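Descriptive analysis of the structure
One letter stands for each residue in the lines below.
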Amino acid sequence: MRILHTIPSVSPVRGGPSHAIFGIVTALRQRNITAEVITTTDDGDNLLDVPTNQFIEFKEVPTCFFPKAFPDNHSIREFSFSVPFTNWLWQNIHNYDLVHVHGVFSYTSTIAMAMARMKGIPYINRPLGHLGQWSRNQKKLKKAIYWQLMERSNISHANALHLTAQDEVDELPDLPEKVIRAIIPHGITPPTLKPNSRQQLCQQYQIDDADFIILYLSRIHPKKGIDLLIQSLAQINQSNEIKGNFTLILGGSGDPHYQAEITALIERYNIGSKVRQVGFLSGTAKDLALQGADLFALTSYAENFGVVVLESLAAGTPVLLSKGIALSKFVAQEDLGYICDVDVSSIYEQLFLAMTERRKVTQPERINQAIAVTQGNYAWSNIAQQLGGTNICV
């Protein structure tokens, strides 16, 4: 079987979906299934500096990048329009047995599904959470028109939807019963654990060893509830019981204007000395942060999955998640962290609890439990069989 994966962008600035696609394709190729990726040179406010119009080995996966139009208008630029992408797809889509389309409400996903329909090629869609209620409410009118004109028909004719959690299934708009809803979670590659990671992290970012280290590592975006996390930490800072006993490592990148708003909010609440804004982290720097922190915090309004949550747990670091994150149910079931509502008081309560239970959450047996449970459920080697495609392709 030959499977073609299409996605608007594989840039790290686009978050988890761009990262997960390489795990998916690698897992398929390890099962002797031919799988390749086509995408654009999108890199947020920039363009990726990669060879184009040819397959190259990118993160050990055959990937073909096509030049993306880059107009001055930001809204149009975000659509990832690419004439070379379209031309190549029209000429080559018939060479594949299945097209796995990642994304909705974007040019590459819309044209790939439409072209597969015209050419009679089976296709499945991974909507990346964009069919959930929170996402559909953003730019609501524009998405409603887009849905009625194009994407509803594309999704309704898909052979299957690749969804990552039951929450994502529950929030789908009305679709024909014939469309298979296949729940296949993302996986992780178990990290190499580094000794003395906490001490190294404290040295790198000049953190007092006595501080409780809280890590945020995701896009800097309004969806993520970062403002609520900051307000909750401001209340923690004013608490007489644990005042001053924390440091927040704020990792990630996003729209510069929103990043400036977050910086201003940190200063307004007078916790600038307790926050390390470290930008986008990858590779060894990311591993060090995940393994060295005392708690990973993600207080998003909605997340259809959250690969970085698994990466944290696989590193042995407990998590604080909002109920809007699909993996919060897994965390609660396995007692791997703390669950909050998406509001300041609830986040504060759970942060306070985590900090007062510091000795409990850092016990070696608790760390080993998190690692074992997460790797046992979500290692790519255990998910690869589901990704073979026989149960959802045709």
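Just so it is clear, the model here is predicted, and its values are computed rather than measured. (Residues numbered from 1 in each chain as written. Predicted model: local features only at pLDDT ≥ 70, side-chain atom pairs only at ≥ 80, totals over all residues. Heavy atoms only, no water.)

Observations regarding the pattern of salt bridges
In a structure, side chains of opposite charge can pair up when their charged atoms sit close to one another. Let me state the cut-off plainly: For this analysis, a salt bridge means a side-chain nitrogen from Lys or Arg found within 4 Å of a carboxyl oxygen belonging to Asp or Glu. Where helices and strands are cited, they refer to DSSP runs of H or I of at least four residues and of E of at least two residues respectively, numbered from the N terminus. Here's how the labels work: a residue is buried when its accessible area is under 20% of the maximum for its type, exposed when over 50%, partly exposed in between, all with a 1.4 Å probe on protein chains only.
Throughout the structure, instances matching the rule amount to 9 salt bridges. When the shortest N-O distance is used, the salt bridge between Glu-303 and Lys-224 registers 2.5 Å. Of the two residues, Glu-303 is situated in the loop between strand E14 (295-298) and helix H12 (307-314) and Lys-224 in the loop between strand E11 (212-217) and helix H9 (226-238); the sequence distance between them amounts to 79 residues. Each member of the pair, Glu-303 as well as Lys-224, carries the same accessibility label: buried. Here Asp-341 ties to Lys-323 by a salt bridge, and the two come within 3.1 Å at their closest N and O atoms. You can see Asp-341 sitting in the loop between strand E16 (337-340) and helix H14 (344-356) and its partner Lys-323 sitting in the loop between strand E15 (319-322) and helix H13 (328-334), a full 18 residues away along the chain. For Asp-341, a relative accessible area of 32% gives the class partly exposed. Through salt bridges with shared partners, one network takes in Arg-14, Asp-42 and Lys-68.

Describing the sheet that holds strand E13 (residues 275-279)
For the record, the criterion: One bridge is not enough; two strands pair if DSSP finds at least two bridges between them. Lines fitted to the C-alpha atoms define the axes, with helices restricted to the stretch that makes contact. Angles between their N-to-C directions range from 0 to 180 degrees. Only heavy atoms matter for contacts: two residues are in contact if any of them lie within 4.5 Å across the pair.
Overall, parallel pairing links the 6 strands, which are arranged E13-E12-E11-E14-E15-E16 in an open sheet. Each edge of the open sheet is held by one strand with a lone partner, namely E13 and E16. Each neighbouring strand pair of the sheet contributes to a mean axis angle of 20°, computed without reference to strand direction. As paired elements, strand E12 (residues 246-251) and E13 share 4 bridges and run parallel to each other. Bridge pairing links Gly-251 to Gly-279 in E13. Along the sheet, H14 makes contact with E11, E12, E14, E15 and E16, crossing E16 at roughly 165°.

Looking at the pairing of strand E1 (residues 2-6)
We count it as follows: Looking down the strands as they point away from the viewer, one classifies a crossover as right-handed if the path from the first strand across the helix to the second runs clockwise.
Across the 5 residues of E1, 4 count as buried, placing the element largely inside the fold. Pairing of E1 with strand E2 (residues 34-40) involves 5 bridges; the strand directions are parallel. Residue pairing across strands places Thr-6 opposite Ile-38, the latter belonging to E2. Following the backbone out of E1, through helix H1 (residues 16-30) and into the adjacent parallel E2, one traces a crossover that is right-handed. Across 4 bridges, the pairing between E1 and strand E7 (residues 98-102) is parallel. Bridge pairing in E7 places His-5 opposite His-100.

What to know about the nonpolar core
Convention followed: By convention a nonpolar core is built from buried Ala, Val, Leu, Ile, Met, Phe, Trp, Tyr and Cys residues, the set being connected through side-chain atoms within 4.5 Å.
Within the largest apolar cluster, 90 residues are counted, with the highest numbers of intra-cluster contacts made by Phe-296, Phe-330 and Leu-351. It is H1 that provides the largest number of residues to this core, a total of 7 residues.

Considering the sheet that holds strand E9 (residues 160-163)
Either a parallel or an antiparallel arrangement is found when strands of a sheet pair, and the pairing is made through backbone hydrogen bonds. Ordered by their spatial adjacency, 8 strands build an open sheet running E5-E6-E2-E1-E7-E8-E9-E10, and the pairing between neighbours is mixed. This sheet does not close on itself; its edge strands, each paired only once, are strand E5 (55-58) and strand E10 (180-183). Recorded for the sheet is a direction-independent mean angle of 30° between the axes of neighbouring strands. In this structure, E2 lies alongside strand E6 (residues 61-66), joined through 4 bridges in parallel fashion. Note on E6: the bridge partner recorded for Ile-38 is Cys-64. Here helix H3 (residues 83-92) sits on the sheet in contact with E1, E2, E5 and E6, set at roughly 150° to E2.

Describing helix H10 (residues 256-268)
Residue pairs three or four apart in sequence face the same way in an α-helix, which turns once every 3.6 residues. Test applied: Every helix has an expected span of 1.5 Å times one less than the residues it contains. Note: the arc covers the axis-to-C-beta directions of the helix.
If you check H10, its first and last C-alpha atoms are 18 Å apart, about what 13 residues at 1.5 Å a residue would give, namely 18 Å. Every buried residue of H10 is listed here: Tyr-258, Ile-262, Leu-265 and Ile-266. On an axial view of H10, the arc spanned by its buried residues comes to 100°, and they lie on one face. Facing away from the buried side of H10 by more than 90 degrees, the exposed set consists of His-257, Glu-267 and Arg-268. Residues of H10 that are buried sit in contact with H9, E12 and E13.

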